[in-house]
Amino acid sequence: MESLLDENFVAVKAKHSSEEALQRWRGLEEKLRVAVLVSKAAIQFLKGVQPSDYVVPQEVKAAGFDICGDELGSLVEGRDPKKLEYHGGVAGIADKLSTSTTTGLSTDGDLLNRRQEIFGINKFTESQPRSFWVYVWEALQDMTLMILGVCAFVSLIVGLATEGWPKGAHDGLGIVASILLVVFVTAISDYRQSLQFRDLDKEKKKISIQVTRNGYRQKMSIYDLLPGDIVHLSIGDQVPADGLFVSGFSVVIDESSLTGESEPVMVTAEHPFLLSGTKVQDGSCKMMITTVGMRTQWGKLMATLSEGGDDETPLQVKLNGVATIIGKIGLFFAIVTFAVLVQKMFSRKLLEGTQWSWCGDDALEMLEYFAIAVTIVVVAVPEGLPLAVTLSLAFAMKKMMNDKALVRHLAACETMGSATTICSDKTGTLTTNHMTVVKACICMNIKEVSKSGNTSSLCSEIPDATVKLLLQSIFNNTGGEVVVNKEGKREILGSPTETALLEFGLSLGGDFHTERNAAKLVKVEPFNSTKKRMGVVLQLPNGGLRAHCKGASEIILAACDKVVNADGKVVPLEEASVNHLKVTIDQFAGEALRTLCLAYVELENGFSADNPIPLSGYTCIGIVGIKDPVRPGVKESVALCRSAGVTVRMVTGDNINTAKAIARECGILTDGGIAIEGPDFREKSLEELAELIPKIQVMARSSPLDKHTLVKHLRTTFGEVVAVTGDGTNDAPALHEADIGLAMGIAGTEVAKESADVIILDDNFSTIVTVAKWGRSVYVNIQKFVQFQLTVNVVALIVNFSSACLTGSAPLTAVQLLWVNMIMDTLGALALATEPPNDELMKRQPVGRRGNFISNVMWRNILGQSLYQFLVIWFLQSRGKAIFGLDGSGSDLVLNTLIFNSFVFCQVFNEISSREMEKINVFEGILDNYVFVCVISATAFFQIIIVEYLGAFANTTPLSLAQWFLSILVGFLGMPVAAGLKMIPVNA
């Protein structure tokens, strides 16, 4: 199986993968499924040893346990009910693991240590990180550098043979030193990025889960789990390790990630096996961990898979194409330059009559011409383009992590910069997700709920029987729980909505555990965003059955035909009462309150847990209004998005009036905008949708399919670049469909997070705007770098080519061109690709799906600056000797050094000018970017060292102060030229 996976496995992305990768994965999925089934068959075959023959290993018994890890692994992996029965069922396994299904593990230190020694830890074996020297080796594989290496070797041999040591070694060693500098800088950059991505990968894997230990329910990292732990699972959770079902309702598991089977599996007391890596599709339960880490079936499969990195991002692919085209142009110029130089050399020898007389100096000259041609290719090929993208993305990812945004896929950084639409949830994203019940309509009367939590006056106005009924509904029909934490304080667990209701029930004088113990749960149907309701069936102390349900007010109210009146009596729900309750719902919603309706129905004794909970015939107990305040700063963030050309749409499952009230408060719903409900949206034709969708600003009572349909139409019909937020399992399709999926880190399920590109760690809409700002920063930074690099490319090519054609020599040698290449590629990428974002970025219109990466503004700056630099070098070539009175044998060396020095300082000042493509003031905020300042300073410092002290290797000679002044002056004058170019109007 290992060879099968090694041959076929590729890094599989949640979305945006290449078609080839997807096809290979689909082929592997089927093989993986077969492999899993074969492994199951093998387990069954290997059961020649009967369960009754099992002997507990001595070291396991000495540690205080009566079952070993291998036996537990085969039990769950083989899903063997006979073996489970032999060991006494789930309760027997719990005894053998020295744990309790109610209070969980004891945290006695010695026992925990022994448990860890015997059964292992819940971590997968990770591949060893590649060492720094691997990156050095990879950098050396560059073909042009290898050719230059051969040139250096030949130059060294010929030089030593003709001129001896050390003079004959200068040229060869100079090229070698330049190559090593390029290699080590590239390797250091790649190695640092690998460490950074490894740290980010660890952040991605930080998953917490609810666990009971020592009788206390608490949050724990999945990596701290041990066999015997009691884990609480709900919809959207990932099963953290192999284990057994203890108790729960309606548990449906998606095992497709493990087996390839798309059909979900029901988990019950009769079929209690839960496998690591699978996901809870529906229901909730308690499970007991039996196998952890590499002993789990998922761990065994992971051991055979090699984890891959991110695919190339769209921008990297696009820039690789640009680099290829420029490289071909550079190759053409290099060949022509080499041919012209060789032709000039032959012409000279013909004139001298020495065409048949060749010496070592002639060989070195020919070799120098070849090295210049190869180096032109090195300079022309802008390998720094993909490097700049990676650097900028890595820098942005690290900074976004500090700003509470965890990027899961590199491409999301750059795509977010092009976003034109954000489809946002309401609850927890635009609002604080700190909910409290502030109003209630009980027994047909509207009551204010005290902010202090004192509801004694409310209780006195409601009949005792209704209060009892209300408490029974609140405490039994809930996905939350009231527990006592380690400090002995009461703590409420559950979603914010459940927490608000439980707090309300406690304030009414209710006792959670008393109510839960008073009746037996027969059936639970958990809440999901499709049904918009939750229901339970209770067996009452008198033997009767009662169903409670709660959910979207208008949906539950429509299922009611009776109501509890002011006297606490159940009466028929007449039209006047219905209208009163509907007005109440609208009133609560108009005050931006989330409304829930609570109802119940008495059931016949013949009801079975296999039957669905009834959808009608209910008695309305009451309606509660829950306050969820808008987050501070959201209104300003929405306004910022609007000014940046990004449309914000609210997509929520809440009541339309509540949604509209919140949307107005946030500034999302404007005068020309439309608010629509999901059921109405579904009924529209394609023609109607084409006219309607651009105006939709709020969609309420939306289903996951509505959200998916809206996103799909925005992307395909209107060409929008869409970012979507989501927190629930049912949001996964929309997150997957969107260009950028944004999952909530606090409220989000593991399924939602896996489908997302970015995880918003604080669930705050303002953080989404920060992500957009960083996305634009990445895009603009790379544009700045491309502008800078193409300028250097154009000038270097034209200068060496024109000089070769006109004078028969190249003013810039191979070593000098390699130094220019270093400035241009690695150092330029470091300086320009790590500029932090500013507020100006959010005042520009987004690039969108159809924008050109190399804009007219960039071409204007590139061509203008290239022309200036070419004229500077042409001027120095033609007038340099006369200006400084250069004469004699060393005059050419001084002139070429002056040209090289001026050319480098033109790039230094052009790098500063490239900080802004349109703004004239390029110094604003320059000291805030210490990387940029360090790169510029280092470039100038090493240029001085190369010119003044490394002449033997770099073919330079020390310059006078006047010559240094001229070099810096012509470089500096490029800045006012760049400022003047920015004043020339062009279409963006």
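First, a word on scope: everything that follows refers to the structure included in this document.

Criteria and cut-off values
- Residues numbered from 1 in each chain as written.
- Predicted model: local features only at pLDDT ≥ 70, side-chain atom pairs only at ≥ 80, totals over all residues.
- Heavy atoms only, no water.
- Helix = DSSP H or I, 4+ residues; strand = E, 2+ residues; numbered from the N terminus.
- Buried < 20%, exposed > 50% of the residue type's maximum accessible area, 1.4 Å probe, protein only.
- Contact = heavy atoms within 4.5 Å.
- Areas by Shrake-Rupley, 256 points an atom, 1.4 Å probe, with all protein chains shown as cover.
- Pairing = 2+ DSSP bridges.
- Axes fitted to C-alpha atoms, helices over the stretch in contact; angles between N-to-C directions.
- Salt bridge = Lys/Arg side-chain N within 4 Å of Asp/Glu carboxyl O.
- Polar contact = N/O pair within 3.5 Å; in protein donor to acceptor, adjacent residues only side chain to side chain.
- 1 Å grid on protein atoms, 1.4 Å probe; cavity = no way out; pocket = protein on both sides within 12 Å on 5 of 7 lines; lining within 4 Å.
- Points joined across faces, edges and corners; volume = space filled by probe spheres on them.
- Nonpolar A, V, L, I, M, F, W, Y, C, P; charged D, E, K, R; others polar.
- Core = buried A, V, L, I, M, F, W, Y, C linked by side-chain atoms within 4.5 Å.
- Phe/Tyr/Trp six-rings, centres within 6.5 Å; stacked < 30°, edge-to-face > 60°.
- Patch = residues over 30% accessible without salt bridge, like charges linked within 9 Å, V, L, I, M, F, W, Y side chains within 5 Å.
- Expected span 1.5 Å × (residues − 1).
- Arc of directions from axis to C-beta.
- Disulfide = S-S within 2.5 Å.

### A closer look at the overall build of the protein chain
Here's step 1: Along the protein chain, the regular secondary structure elements total 37 helices and 26 strands.
Here's step 2: In the protein chain, buried positions account for 55% of the 988 residues.
Here's step 3: Long-range contacts, defined as pairs at least 24 residues apart, comprise 73% of the intrachain contacts of the protein chain with a sequence gap of at least 6.
Here's step 4: Element-wise, carbon and sulfur atoms account for 58% of the exposed surface of the protein chain, whose accessible area totals about 42,300 Å².

### A closer look at the sheet that holds strand E9 (residues 421-424)
Here's step 1: Here we have eight strands laid out as an open sheet, ordered E8-E26-E25-E24-E9-E21-E23-E22, and mixed in their pairing. Across the chains shown, the open sheet's two edge strands, defined by having one partner strand only, are strand E8 (405-407) and strand E22 (674-677). The average angle at which neighbouring strand axes cross in this sheet is 20°, direction not considered.
Here's step 2: Here E22 pairs with strand E23 (residues 696-700) via four bridges, running parallel. Along E23, the bridge assignment pairs Ala675 with Val698.
Here's step 3: Contacts between helix H27 (residues 704-716) and the sheet are confined to E9, strand E21 (647-651), E23 and strand E24 (722-726), with E24 contributing the most and set at about 165° to the helix.

### With respect to the pattern of salt bridges
Here's step 1: This structure, assessed with the given rule, holds 23 salt bridges.
Here's step 2: Across the pair Asp561 and Lys562 runs a salt bridge, and its minimum N-O distance is 2.8 Å.
Here's step 3: For Lys562, a relative accessible area of 29% corresponds to the partly exposed category.
Here's step 4: In this structure, the salt-bridge partner of Arg715 is Glu737, at a minimum N-O distance of 3.2 Å. Here Glu737 lies in helix H28 (residues 732-737) and Arg715 lies in helix H27, a separation of 22 residues in the sequence. We note that Arg715, like Glu737, is buried.
Here's step 5: Residues participating in the shared-partner salt-bridge network are Lys426, Arg594 and Asp654.

### Examining the side chain of Asp739
Here's step 1: Its location among the elements puts Asp739 in the loop between H28 and strand E25 (740-744).
Here's step 2: For Asp739, a relative accessible area of 7% gives the class buried.
Here's step 3: A polar contact is formed between the side chain of Asp739 and the side chain of Arg715, at a distance of 3.0 Å.
Here's step 4: At 2.9 Å, the side chain of Asp739 forms a polar contact with the backbone nitrogen of Val722.

### A short note on the layout of surface pockets
Regions of empty space are outlined by a rolling probe, equal in size to a water molecule, passed over the atoms.
Here's step 1: Of the voids in this model, the second largest pocket is the one considered here, and its volume is about 1,400 Å³.
Here's step 2: Along the walls of the second largest pocket sit 47 residues, with Val185, Thr826, Leu827, Leu830 and Val935 positioned nearest its centre.
Here's step 3: Those elements giving two or more residues to the lining of the second largest pocket turn out to be helix H10 (170-204), helix H15 (384-402), helix H31 (814-832), helix H34 (930-949) and helix H35 (951-954).
Here's step 4: Per-element accounting of the lining of the second largest pocket gives the leading share, 15 residues, to H10.
Here's step 5: Of the residues that constitute the lining of the second largest pocket, the class distribution is 31 nonpolar, ten polar and six charged.

### Considering the nonpolar core
Here's step 1: If you look at the biggest cluster of nonpolar residues, it comprises 72 residues, and the most contacted ones within it are Ile175, Trp819, Phe900, Phe903, Val904, Ile912 and Phe932.
Here's step 2: The element contributing the most residues to this core is H31, with 13 residues.
Here's step 3: Not counting the four nearest positions on each side in its chain, Phe900 is found in contact with Leu812, Gln816, Trp819, Val820, Gln943, Ile946, Val947 and Thr956.
Here's step 4: If you look at the next biggest cluster of nonpolar residues, it comprises 64 residues, including Cys641, Cys666, Ala723 and Ile854.

### So, the packing of aromatic side chains
Here's step 1: Within the structure shown, the criterion is met by twelve aromatic pairs.
Here's step 2: Between Phe132 and Trp133 the ring centres are 5.3 Å apart and the planes differ by 70°, which places this aromatic pair in the edge-to-face class.
Here's step 3: Here Trp133 falls in the exposed class, since its relative accessible area comes to 59%.
Here's step 4: Measuring from centroid to centroid gives 5.8 Å for Phe475 and Phe512, while their planes differ by 90°, and the two rings are edge-to-face. One end of the pair, Phe475, is in helix H18 (residues 464-476); the other, Phe512, is in helix H20 (residues 512-518), and 37 residues separate them in sequence.
Here's step 5: When its relative accessible area of 0% is taken as the criterion, Phe475 is described as buried.
Here's step 6: Phe512 sits in the buried class, given a relative accessible area of 4%.

### A closer look at a nonpolar patch on the surface
Here's step 1: Residues Leu867, Leu871, Trp874, Phe875 and Ile883 make up a contiguous nonpolar surface patch of about 510 Å² in total accessible area.
Here's step 2: Position of Leu867 among the secondary structure elements: in helix H32 (residues 856-884).

### Describing the environment of Thr834
Here's step 1: Locating Thr834 in the fold gives a position in the loop between H31 and H32.
Here's step 2: Along the chain, Thr834 and Ser777 lie 57 residues apart, while their C-alpha atoms are 8.9 Å from each other.
Here's step 3: Ignoring anything within four residues of it in the chain, the contact list for Thr834 reads Phe395, Asn781, Ala829, Asn929 and Val931.
Here's step 4: For Thr834, the side chain forms a polar contact with the main-chain oxygen of Leu830, separated by 2.5 Å.

### Describing unusual backbone geometry
For residues other than glycine, phi is negative in most cases, and the peptide bonds are mostly trans.
Here's step 1: One non-glycine residue with positive phi stands out, namely Ser250, at about 50°.
Here's step 2: If you trace the backbone, Ser250 turns up in strand E4 (residues 242-254).
Here's step 3: Residue classification places Ser250 among the partly exposed positions, given a relative accessible area of 27%.
Here's step 4: The backbone of Ala592 sits at a positive phi, close to 65°, despite the residue not being glycine.

### Quick notes on the side chain of Asn655
Here's step 1: Within the element layout of this structure, Asn655 appears in the loop between E21 and helix H24 (656-666).
Here's step 2: Setting aside anything within four residues of it in sequence, one finds Asn655 in contact with Glu554, Ile585, Ala589, Thr595, Ala700 and Arg701.

### A closer look at helix H22 (residues 575-590)
Here's step 1: Between its first and last C-alpha atoms H22 spans 22 Å; for 16 residues at 1.5 Å apiece the expected length is 22 Å, and the two agree.
Here's step 2: If you check which residues of H22 are buried, you get Ser577, Leu581, Thr584, Ile585, Phe588 and Ala589. Down the axis of H22, the buried side of the element spans an arc of 130°, and every buried residue falls inside it. For H22, exposure combined with an orientation more than 90 degrees from the buried face picks out Glu575, Ala576, Val583 and Gly590.
Here's step 3: Backbone geometry just downstream of H22 places Ala592 in the positive-phi region, at approximately 65°.

### Things to note about helix H8 (residues 132-140)
Here's step 1: Regarding H8, the residues found buried are Phe132, Tyr135, Val136 and Ala139. The buried residues of H8 all sit within an arc of 105° when viewed along its axis, so they share a single face. In this structure, H8 carries Trp133 and Trp137 as exposed residues pointing more than 90 degrees from its buried face.

### Concerning the pairing of strand E1 (residues 208-213)
Here's step 1: For E1, a buried count of five out of six residues is recorded, marking the element as mostly surrounded by other parts of the structure.
Here's step 2: Judged from the six bridges that link them, E1 and strand E2 (residues 216-221) form a sheet pairing that is antiparallel. Bridge pairing links Ile209 to Met220 in E2.
Here's step 3: Count of turn residues in the E1/E2 antiparallel hairpin: two residues, of which Asn214 carries a positive phi of about 55°.
Here's step 4: Bridge count between E1 and strand E3 (residues 230-233): three bridges; the pairing is antiparallel. In the sheet register, Thr212 faces E3, and the bridge partner there is Ile230.

### Observations regarding the state of the cysteines
Here's step 1: All chains considered together, the criterion is met by zero disulfides.
Here's step 2: No disulfide involves Cys620; its nearest neighbouring cysteine sulfur is the one of Cys597, lying 3.8 Å away.
Here's step 3: Residue Cys620 is classed as buried on the basis of its relative accessible area of 1%.

Treat this as a map of the structure, not an account of what it does.
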